[in-house]
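Descriptive structure summary
Here is what each chain is made of, one letter per residue.
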Amino acid sequence: MDIRQFIHTKALDLGFDTVGITSAEELPLPMQEAFSRWLEAGHAGPMGYLHRNQDKRFAPRKLLSQARSIIVVGLNYNPGPASESLVTGRIARYAYFEDYHGFIKERLFTLAEAIHEQVGHSIKIKACVDSVPLAERALAQRAGLGFIGKNHMLIHPQLGPEVFLGELITSLDLPTDEPSTGDCGSCRRCLEACPTGALRPDGGFDASRCLNTLTIEQRDDLSPDLAALLDGRLYGCDECVLCCPFTHKAPVRANRELRELFTSLDPHEVLTWSQDDFDRHLQDSPIHRIGLAQLQRNARLCLDP
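No experiment lies behind these values; they were computed from the predicted model shown. (Residues numbered from 1 in each chain as written. Predicted model: local features only at pLDDT ≥ 70, side-chain atom pairs only at ≥ 80, totals over all residues. Heavy atoms only, no water.)

Now for the overall build of the protein chain. Counting its secondary structure elements, the protein chain contains 13 helices and 8 strands. In terms of overall size, the protein chain behaves like a compact globule, its C-alpha atoms giving a radius of gyration of 20 Å where 305 residues would be expected to give roughly 19 Å. In terms of principal-axis extent, the alpha carbons of the protein chain reach across some 60 × 40 × 35 Å. For the protein chain, the residues scored as buried account for 52% of the 305 residues in total. Put simply, 75% of the contacts in the protein chain that link residues at least 6 apart link residues at least 24 apart. Just so you have it, the protein chain exposes about 14300 Å², and 48% of that area is on carbon and sulfur atoms. (Helix = DSSP H or I, 4+ residues; strand = E, 2+ residues; numbered from the N terminus. Rg over C-alpha atoms; globule rule 2.2 N^0.38 Å. Buried < 20%, exposed > 50% of the residue type's maximum accessible area, 1.4 Å probe, protein only. Contact = heavy atoms within 4.5 Å. Areas by Shrake-Rupley, 256 points an atom, 1.4 Å probe, with all protein chains shown as cover.)

Given below as C-alpha cells:
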C-alpha cells in the first residue's frame, strides 16, 4: 500500500468521513487580497482575531517551515432532519455535540503517529482545527473535499455543508488529490433564507450582521433591529445550511463517538443558572466558550427581543 492510500484508509478507519491531500503551497494572492478588502470593509464585525496573523492564514509554511503537504480530513455531523417546530432556545446544529476541537485533534494526532510509523523516519507534523489561523475551507477545496458555496461553507458533494474540518501540515512530500470543482448553480436558497441579509445578493458575506457572529462573538448588546430577528435562537444560526439542497441529500452522521449532548436549551432555565450550573451543564460543549453572561444575554433576547 502506497503512502497516499495508507493515509486515506487510516483516516477513514479513525472515523473521519472524507480525506484529501494538497500541497503546502501558499494560496493565491487574489484570495489574500480579497480577504484583506473584506476586513477593511468591516465585514468581520467583532471578530478582531481575524485581523491577526493574516500572513499565516494563507501560507501554511509560516505555521510549519518544513511543510510540503497538507492532509485535510472531514467529519460529517449531520444530526438528521431538522424539526419543523419553532423552539425557543434553539442552538446551531454543530453545537448539539461535545466540542469537536479536541475530538478531531485527538484523532489527528493518532493519524500522525500512524504515518510516522509507516514511513519509518522522523517527520514534522502540525495538527490544526479551526482555532489555528489557516484558510481551511480553501485548502479543503484544493484537497478535493468540496467547493465553497454561496453560503460560504465548504460543501461536500455527498456529505453536504455540515462537515467539521481538520488538517495535518506535514514535512512529507505526498501525492496530492485533484482540487474540487462545482458550484451552487442558480440556487439562491441560502441568500433568501438568511434572516438578516448577511449573505448579500452580490455573493459577499457581512459577518457583522450574521446571527451566528452576533450570538457567539459579539460581547456588546445587539442593536434592536438585529435582536428582533433572533426568533428564539440562543446560540448560533444555521438557516443557510438547513435550506441547502446538499444538506437535504446528505446522510446522517456515521461516527457516533462524537457525543450528542442536547438540541436546545430552555432560556428560562439558563437565566437561573449560577456559574457552577453553567460549568456543570456545558463544560463539554462548544457553547461554554462564550461564558455565562453572554449566554444569559442571549436567553433574555430569546424571551424579549
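Next up on the list: the pattern of salt bridges. Pairing between side chains becomes possible if they bear opposite charge and their charged atoms approach one another. Enumeration according to the criterion identifies 15 salt bridges in this entry. In this structure, Asp177 and Arg4 form a salt bridge, with 2.3 Å as the shortest nitrogen-oxygen distance. Note that Asp177 is positioned in the loop between β7 (163-170) and α6 (189-193) and Arg4 in helix α1 (residues 3-13), a separation of 173 residues in sequence. A relative accessible area of 30% means that Arg4 is categorised as partly exposed. As a salt-bridge pair, Glu106 and Arg107 come within 3.9 Å of each other at their nearest N and O atoms. We classify Arg107 as buried; its relative accessible area is 11%. Among the ionic contacts, a cluster of salt bridges with common partners joins Arg90, Asp231, Arg233 and Glu239. (Salt bridge = Lys/Arg side-chain N within 4 Å of Asp/Glu carboxyl O.)

To continue, consider the sheet that holds strand β4 (residues 125-128). A sheet is described by the order of its strands in space; here 4 strands give the open sequence β1-β2-β7-β4, paired in antiparallel fashion. Two strands bound the open sheet, and with one partner strand each, they are β1 (18-23) and β4. Looking at each pair of strands side by side, their axes are set apart by 20° on average, direction ignored. Sheet topology places strand β2 (residues 69-76) next to β7; 8 bridges connect them, and they run antiparallel. Note on β7: the bridge partner recorded for Gly74 is Leu165. Across the face of the sheet, α1 comes into contact with β1 and β2 while running at roughly 145° to β1. (Pairing = 2+ DSSP bridges. Axes fitted to C-alpha atoms, helices over the stretch in contact; angles between N-to-C directions.)

With that settled, consider the packing of aromatic side chains. Overall, the coordinates contain 9 aromatic pairs when judged by the stated rule. Ring plane angle 85° and centroid distance 6.4 Å describe the contact between Tyr94 and Tyr100, whose orientation is recorded as edge-to-face. With respect to burial, Tyr94 and Tyr100 carry one shared label: buried. Among the aromatic residues, ring-to-ring pairing joins Tyr77, Tyr94, Tyr96, Phe97, Tyr100, Phe164 and Tyr235 into one connected group. Over the face of the ring belonging to Phe103 we find Arg107, whose NZ or CZ atom lies 3.6 Å from the ring centre. Here the guanidinium or amino end of Lys249 rests over the ring plane of Phe246, the centre of that ring lying 4.8 Å away. (Phe/Tyr/Trp six-rings, centres within 6.5 Å; stacked < 30°, edge-to-face > 60°. Lys NZ or Arg CZ within 6 Å of the ring centre and 35° of its normal.)

As a further point, take the pairing of β1. Burial within β1 is extensive, with 5 of its 6 residues counted as buried. Looking at chain direction, β1 and β2 are connected through 6 bridges and run antiparallel. Bridge pairing in β2 places Ile21 opposite Ile71.

A word on the side chain of Ser69. Within the fold, Ser69 resides in strand β2. At 2.7 Å, the side chain of Ser69 forms a polar contact with the backbone oxygen of Leu172. When residues no more than four places from it in sequence are discounted, the contact partners of Ser69 are Ile21, Thr22, Ser23, Ala24, Leu168, Ile169, Thr170, Leu172, Asp173 and Leu174. (Polar contact = N/O pair within 3.5 Å; in protein donor to acceptor, adjacent residues only side chain to side chain.)

With that settled, the discussion passes to the nonpolar core. Formed by 48 residues in total, the largest nonpolar core has its most connected members in Ile71, Tyr94, Ile104, Ile115, Ile287 and Leu295. No other element matches the 8 residues that helix α4 (residues 100-119) contributes to this core. Not counting residues within four places of it along the chain, the set of residues in contact with Ile115 comprises Phe6, Ile7, Ile71, Ile123, Leu168 and Leu172. Among the nonpolar cores identified, the runner-up in size contains 29 residues, and Ala24, Met47, Leu50 and Ala138 belong to it. (Core = buried A, V, L, I, M, F, W, Y, C linked by side-chain atoms within 4.5 Å.)

Another point: unusual backbone geometry. Its identity is not glycine, yet Asn53 carries a phi of approximately 60°, on the positive side. Note that Asn53 resides in the loop between α2 (29-40) and α3 (54-57). Its relative accessible area of 34% is what places Asn53 among the partly exposed residues.

Turning our eyes to something else, we now look at the pairing of β7. Taken across its 8 residues, β7 has 8 buried, putting it largely inside the fold. Burial along β7 is two-sided: the residues Val163, Leu165, Glu167 and Ile169 and Phe164, Gly166, Leu168 and Thr170 are all buried. Note: β4 against β7, 4 bridges, orientation antiparallel. By the bridge assignment, Lys126 is partnered in β7 with Ile169.

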